[in-house]
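Each chain, written out:
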Amino acid sequence: MIRGIGCDVVEVSRVADVISKHGERFVERLLTENERPLYRKRKALSDSHALAFVASRWAVKEAVSKALGTGIAEDVTFQSMEVMHNAKGAPLMLFKDPLKERLMQEGLFVHVSITDEKSVVAAFAVAEQRS
C-alpha cells in the first residue's frame, strides 16, 4: 500500500548560487560521507556534472521527506538519507539511524526516481507500506 508520495524540482543554477554563497559547507551539509566521493568524481569531470549531482541529491532527499510526510525535520535529515545505486545503476535510498530504525518498525520502503536536463533536476519518491 502506498503511504505517501513526494516530488521535488531543483534548478541547477540555484545549486550554483547556494554553493557560491555558502561554499563547500552546503555540499557537506547535504551529502553523506559515502556520497561525497561520488560528488568529487563528478567534480573532476566538470563543474556542471558536480552541480547536477548536488541538485539530484537535494531533489531526491526533499522528495523523500515529502513522501514520509515530514519534510526535512526531526529524524528526517539530509544526513539520515543516502542515495546510492544498485547494480544496474538505478538510484537506491539508504537510511541511517534513527530514521532507518523507524522506517523498519513502520514497515516502510522508499522507492525513488531521478531525472535531469541541463538546467533542472526532478525527483519522485513513493513510501510503500510493506507490513
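See the structure printed just above.
**Student:** Honestly, helix α4 (residues 47–67) in this entry has me stumped. Any pointers?
**Tutor:** Because each turn of an α-helix spans 3.6 residues, side chains separated by three or four positions in sequence point in the same direction. Taking 1.5 Å of rise per residue, 21 residues should cover 30 Å, and α4 covers 30 Å from first to last C-alpha, within 8% of that figure. By the criterion of burial, α4 is predominantly enclosed, with 16 of the 21 residues buried. Downstream of α4 by one or two residues, G69 has phi in the positive range, about 80°.

**Student:** Please clarify how the nonpolar core should be interpreted in this entry.
**Tutor:** Nonpolar side chains in soluble globular proteins generally cluster together in the buried interior. Core analysis: the largest hydrophobic core is formed by 37 residues, its most contacted members being V15, W58, V64, L68, M93, F95 and V110. For this core, the elements supplying multiple residues, two or more each, are α1 (12–22), α2 (24–30), α4, β2 (81–85), β3 (91–95), α5 (99–106), β4 (108–116) and β5 (120–129). Setting aside residues up to four positions removed in sequence, W58 forms contacts with D8, V10, R14, V15, V18, F26, L30 and F78.

**Student:** Looking at this structure, how should I read the pairing of β2?
**Tutor:** Along a regular strand, successive side chains alternate from one face of the sheet to the other. Looking at chain direction, β2 and β3 are connected through 5 bridges and run antiparallel. Bridging from a neighbouring strand, E82 pairs with L94 of β3. Hairpin connection from β2 to β3: 5 residues lie between these consecutive antiparallel strands, with G89 at a positive phi of about 95°.

**Student:** What's the story with the packing of α1 against α4 in this structure? I'm lost.
**Tutor:** A pair of packed helices is captured by two measures, namely the crossing angle of their axes and the spacing between those axes. It is at 9 Å that the axes of α1 and α4 come closest, and there the two elements cross at 100°. On the basis of their axis angle, the class for α1 and α4 is roughly perpendicular. Facing α1, whose interface residues are V12, R14, V15, A16, V18 and I19, α4 presents L51, A52, V54, A55 and W58. Among the residues forming the contact of α1 with α4, the class breakdown is 10 nonpolar, no polar and 1 charged.

**Student:** So what exactly am I meant to see when it comes to the packing of aromatic side chains here?
**Tutor:** Under the defined criterion, the tally for this structure stands at 1 aromatic pair. In this structure, R130 is placed above the aromatic ring of F109, and the distance from its NZ or CZ to the ring centre is 4.0 Å.

**Student:** Please clarify how the side chain of E62 should be interpreted in this entry.
**Tutor:** Along the chain, E62 turns up in helix α4. Despite its burial, E62 remains without a salt bridge, the nearest opposite charge being carried by K66 at 5.3 Å. Setting aside residues no more than four positions away along its own chain, E62 makes contact with D8, I72 and F78.

Conventions used here
Residues numbered from 1 in each chain as written. Predicted model: local features only at pLDDT ≥ 70, side-chain atom pairs only at ≥ 80, totals over all residues. Heavy atoms only, no water. Helix = DSSP H or I, 4+ residues; strand = E, 2+ residues; numbered from the N terminus. Expected span 1.5 Å × (residues − 1). Buried < 20%, exposed > 50% of the residue type's maximum accessible area, 1.4 Å probe, protein only. Core = buried A, V, L, I, M, F, W, Y, C linked by side-chain atoms within 4.5 Å. Contact = heavy atoms within 4.5 Å. Pairing = 2+ DSSP bridges. Axes fitted to C-alpha atoms, helices over the stretch in contact; angles between N-to-C directions. Parallel < 35°, antiparallel > 145°, perpendicular 65-115°, else oblique. Nonpolar A, V, L, I, M, F, W, Y, C, P; charged D, E, K, R; others polar. Phe/Tyr/Trp six-rings, centres within 6.5 Å; stacked < 30°, edge-to-face > 60°. Lys NZ or Arg CZ within 6 Å of the ring centre and 35° of its normal. Lys, Arg positive; Asp, Glu negative; His and termini not counted. Salt bridge = Lys/Arg side-chain N within 4 Å of Asp/Glu carboxyl O.

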